[in-house]
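# Understanding the architecture of this molecule
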Amino acid sequence: MKKSILVFMMICGLTVSSWAQSRVTYDLSGASGTRDDESFSEIHLGLNWYIHDWLNWRNSIFTQFGTDINTVYGLDTAALFNWEAYTQGRGLGIELFAGPGLRFATEDSNAVFGKAGITFGLGGLRLGGGIQAFHYFEDRHDKQDRILNKDETQYFITVSGGGSF
């Protein structure tokens, strides 16, 4: 019984210690690109939980829309491994990130993805770009009922702003 209590106290201590070192940020970001010769735009409202300096659990609700594609809504969740170098007040810096994720979306657009990129920070403004490769679980269709590829690579440029809690 004493060993159980000791193990429980150690686990709670590690959890509290991890929480004390973590931070939560939010952002509003936008991106645009092309796929299957069709242009699209995405808007994301993201919540980032930096569990450690090197690990960000990012969740963002999004909408993807365009002239020839069906509008898609959903949630992207990803475990992003992170390296960053910022000034003391986080006013100027750079981040590199990469990791796997899942997309839960309407219009048969559920997918797994890998994402990697770079972000430059200046005050509350973030400018960045990267690559995101998707593999969709089901056949998707555009507005003309053409079947879209199950594998898709998106290159993105992101301009975002946000804050932290």
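This write-up is about the structure you can find in this document. All values derive from a computational prediction rather than experimental measurement.

Thresholds, definitions, all that
Residues numbered from 1 in each chain as written. Predicted model: local features only at pLDDT ≥ 70, side-chain atom pairs only at ≥ 80, totals over all residues. Heavy atoms only, no water. Helix = DSSP H or I, 4+ residues; strand = E, 2+ residues; numbered from the N terminus. Contact = heavy atoms within 4.5 Å. Buried < 20%, exposed > 50% of the residue type's maximum accessible area, 1.4 Å probe, protein only. Polar contact = N/O pair within 3.5 Å; in protein donor to acceptor, adjacent residues only side chain to side chain.

### A short note on the environment of Phe-62
Mapped onto the secondary structure, Phe-62 falls in strand β3 (residues 55–65). Taking the C-alpha atoms as reference points, Phe-62 and Asp-76, separated by 14 residues in sequence, lie 7.5 Å from one another. For Phe-62, the residues in contact, after removing those within four places along its chain, are Ile-43, His-44, Val-72, Tyr-73, Gly-74, Leu-75, Asp-76, Arg-103 and Ala-105.

### A word on unusual backbone geometry
Even without a glycine there, the phi angle at Arg-90 is positive, about 60°. Summarising the element assignment, Arg-90 is placed in the loop between β4 (72–86) and β5 (92–105). Residue Asp-145 is not a glycine yet carries a positive backbone phi of 65°. In this fold, Asp-145 is placed in the loop between β8 (140–141) and β9 (147–148). On the basis of relative accessible area, Asp-145 is assigned to the exposed category, the value being 57%.

### Description of the side chain of Arg-140
With respect to the helices and strands, the residue Arg-140 is situated in strand β8. For Arg-140, a relative accessible area of 2% gives the class buried. Among the polar contacts made by the side chain of Arg-140, one reaches the main-chain carbonyl oxygen of Asn-149 at a distance of 2.5 Å. A polar atom in the side chain of Arg-140 sits 3.3 Å from the side chain of Glu-152. Dropping the residues within four chain positions of it, Arg-140 is found in contact with Arg-35, Glu-107, Asp-108, Ser-109, Arg-146, Ile-147, Leu-148, Asn-149 and Glu-152.

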